[in-house]
Amino acid sequence: MSSGARRSRHLGKALAVALAAVVTAGLTACADVDEGGGTPAAGGGETQNAKVAFLMPDIASTRYELADRPLFEAKVKQLCAGCEVVYANANSDAAQQQQQANSALAQGVKAIVLDPVDSTAAASIVTTARAQGVPVIAYDRPIPDVPADYYISFDNEAIGAMIAKSLVDKLKADGVQGGLLQVNGSPTDAAAGLIKKGIHSSIDPSGLPLLAEFDTPDWEPSKAQDWVSGQITKFGPQIVGVVAANDGTGGGAIAAFKAAGASVPPVTGNDAELAAAQRIIAGDQYNTISKPIKIVAESAAVTALQFVNGERPAGKTTLFNTPSELFTPTVVTKENLKEVLIDSGEIKASDLCTPEYATACSQAGLA
């Protein structure tokens, strides 16, 4: 077994153990509710019939509708059959997310799990909820200005550092000469800022010049594509790699090169979306990040119900003055995609290996 495989397997076991510990605590909390005839929830009401809000930021990233929401809802139902999830997606509109939070509070939710559109604007949601005694769990993206009650995510700064280092190492191993483009995430997303910081920590000392960088409004792939198109016109073959902060912006960058009729250089990503995995198998995208959404979604469900039950779980670390749980991700390239994404069950081979990708899958030993 390769050292990379051992690290991946060790990480998987570590994450499983960590989540199991959290889930056990949550199950204990719910057991106390059932046996005690209904412990008062935070802000009043009965825990066993509590409402919990799950407010997501956008539809530009497919993960929220396809993975985060169903996984969170399933875990809440498993732990508290009578509980209800109040779900809303803000579609990249901070004002709409504020309205959704106000609506959730009006419906009597006992906890809010919030992935903010705008990390600064979300401070008002925290303040409003706190005034009503409702805890807020920041999810995926932190809320720096007014600390939430808890923060659950993967280590975003590490994500940026890992995808950039993976790309730099490849370019150096291949002896490639030239410069890089850096496609960051939304300027209103504090998590994007952490990813950006991590990317710079790997690029800046690499010796590879950074030709230009861009903060992508709302993480929109089309906006990333438009910007990269302009840089292709400006720099042409000087561009030997693109560090993109997620799979959507990476896909936009790749589309820009193809539209220009130019060779696609190695491009990074993050989120391990199905489309990104297909691009990796086809050789269009170099890497992505596996951060199993099941881990954070289920941990958020457990934590929310702990707060509902009147508990205040302690974080493993602190970020932006907020008790936090930050899980460690895994870089995925064509070499370890089967082990990390397919063998783990994160992506089904049948979904990945559609007719368009059948030949690439066969060459990669996936079909």
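Look above for the structure.
Structural notes, computed from the coordinates.

Conventions we followed
Residues numbered from 1 in each chain as written. Predicted model: local features only at pLDDT ≥ 70, side-chain atom pairs only at ≥ 80, totals over all residues. Heavy atoms only, no water. Salt bridge = Lys/Arg side-chain N within 4 Å of Asp/Glu carboxyl O. Disulfide = S-S within 2.5 Å. Buried < 20%, exposed > 50% of the residue type's maximum accessible area, 1.4 Å probe, protein only. 1 Å grid on protein atoms, 1.4 Å probe; cavity = no way out; pocket = protein on both sides within 12 Å on 5 of 7 lines; lining within 4 Å. Points joined across faces, edges and corners; volume = space filled by probe spheres on them. Helix = DSSP H or I, 4+ residues; strand = E, 2+ residues; numbered from the N terminus. Nonpolar A, V, L, I, M, F, W, Y, C, P; charged D, E, K, R; others polar. Pairing = 2+ DSSP bridges. Right-handed = clockwise from strand over helix to strand, strands pointing away. Axes fitted to C-alpha atoms, helices over the stretch in contact; angles between N-to-C directions. Contact = heavy atoms within 4.5 Å. Expected span 1.5 Å × (residues − 1). Phe/Tyr/Trp six-rings, centres within 6.5 Å; stacked < 30°, edge-to-face > 60°.

1. Considerations on the pattern of salt bridges
Enumeration over the complete set of coordinates arrives at 19 salt bridges. Ionic contacts of the salt-bridge type, sharing partners, join the residues Arg63, Asp68, Asp140, Asp271 and Lys291 into one network.

2. Some points on the state of the cysteines
Following the criterion strictly, the structure yields two disulfides and no others. Two residues, Cys80 and Cys83, share a disulfide whose sulfurs are 2.1 Å apart. Its S-S torsion of about 65 degrees marks the bond between Cys80 and Cys83 as right-handed, since a negative value means left-handed. Across the pair, Cys83 and Cys80 agree in class, each one buried. Residue Cys353 pairs covalently with Cys361 via a disulfide, S to S 2.2 Å.

3. Regarding empty space enclosed by the protein
Inspection of the entire model under this criterion finds three cavities of 30 Å³ or more. Reported here for the largest cavity is a volume of approximately 120 Å³. Tyr64, Asp140, Trp219, Asp271 and Lys291 are, among the 15 residues lining the largest cavity, the residues nearest its centre. Counting only elements with at least two residues in the lining of the largest cavity, the list comes to α2 (63–79) and α6 (190–203). In the lining of the largest cavity, the residues fall into four nonpolar, four polar and seven charged.

4. Remarks on the pairing of strand β4 (residues 136–139)
Of the two faces of β4, both are covered, the one formed by Val136 and Ala138 as well as the one formed by Ile137 and Tyr139. Bridge count between strand β3 (residues 111–114) and β4: three bridges; the pairing is parallel. Paired with Ile112 across the bridge in β4 is Val136. In this region the chain leaves β3, passes through helix α4 (residues 122–131) and returns to the parallel neighbour β4; the handedness of that crossover is right-handed. Pairing of β4 with strand β5 (residues 150–154) involves three bridges; the strand directions are parallel. Bridged to Ile137 within β5 is Tyr150.

5. With respect to unusual backbone geometry
The backbone phi angle of Asp271 is positive, close to 120 degrees, even though this residue is not glycine. Along the polypeptide, Asp271 turns up in the loop between α8 (247–259) and α9 (274–282). With relative accessibility at 10%, the residue Asp271 sits in the buried group. For Asn321, which is not a glycine, the phi torsion comes out positive at approximately 60 degrees. Topologically, Asn321 is positioned in the loop between β10 (317–319) and β11 (322–327). According to the relative accessible area criterion, Asn321 is exposed, its value standing at 67%.

6. Looking at the sheet that holds strand β6 (residues 179–184)
Within the open sheet, the three strands sit side by side as β7-β6-β8. Their pairing is parallel. On the outer flanks of this sheet lie β7 (210–215) and β8 (239–244), each paired with one strand and no other. Sheet twist, expressed as the mean angle between neighbouring strand axes with direction ignored, is 15 degrees. Sheet topology places β6 next to β8; five bridges connect them, and they run parallel. Bridged to Gln182 within β8 is Val243. Sitting on the sheet, α6 is in contact with β6, β7 and β8, with an inclination near 170 degrees to β6. Sheet contacts for α8: β6 and β8; angle to β8, the most-contacted strand, approximately 155 degrees.

7. Things to note about α2
In this model, α2 (17 residues) spans 23 Å end to end at C-alpha, consistent with the 24 Å of a helix rising 1.5 Å per residue. Those residues of α2 that fall on the buried side of the exposure criterion are Arg63, Tyr64, Ala67, Asp68, Phe72, Lys75, Val76 and Leu79.

8. Examining the packing of aromatic side chains
Using the criterion set out here, one finds six aromatic pairs in the structure. The interplanar angle of 70 degrees and the centroid separation of 5.3 Å between the aromatic rings of Phe54 and Tyr139 together place this pair among those described as edge-to-face. With Phe54 in strand β1 (residues 51–56) and Tyr139 in strand β4, the pair connects residues that are 85 residues apart, well separated along the chain. Note on Phe54: relative accessible area 0%, which makes it buried. One aromatic cluster is present, formed by Phe54, Phe72, Tyr87 and Tyr139 through successive ring pairs.

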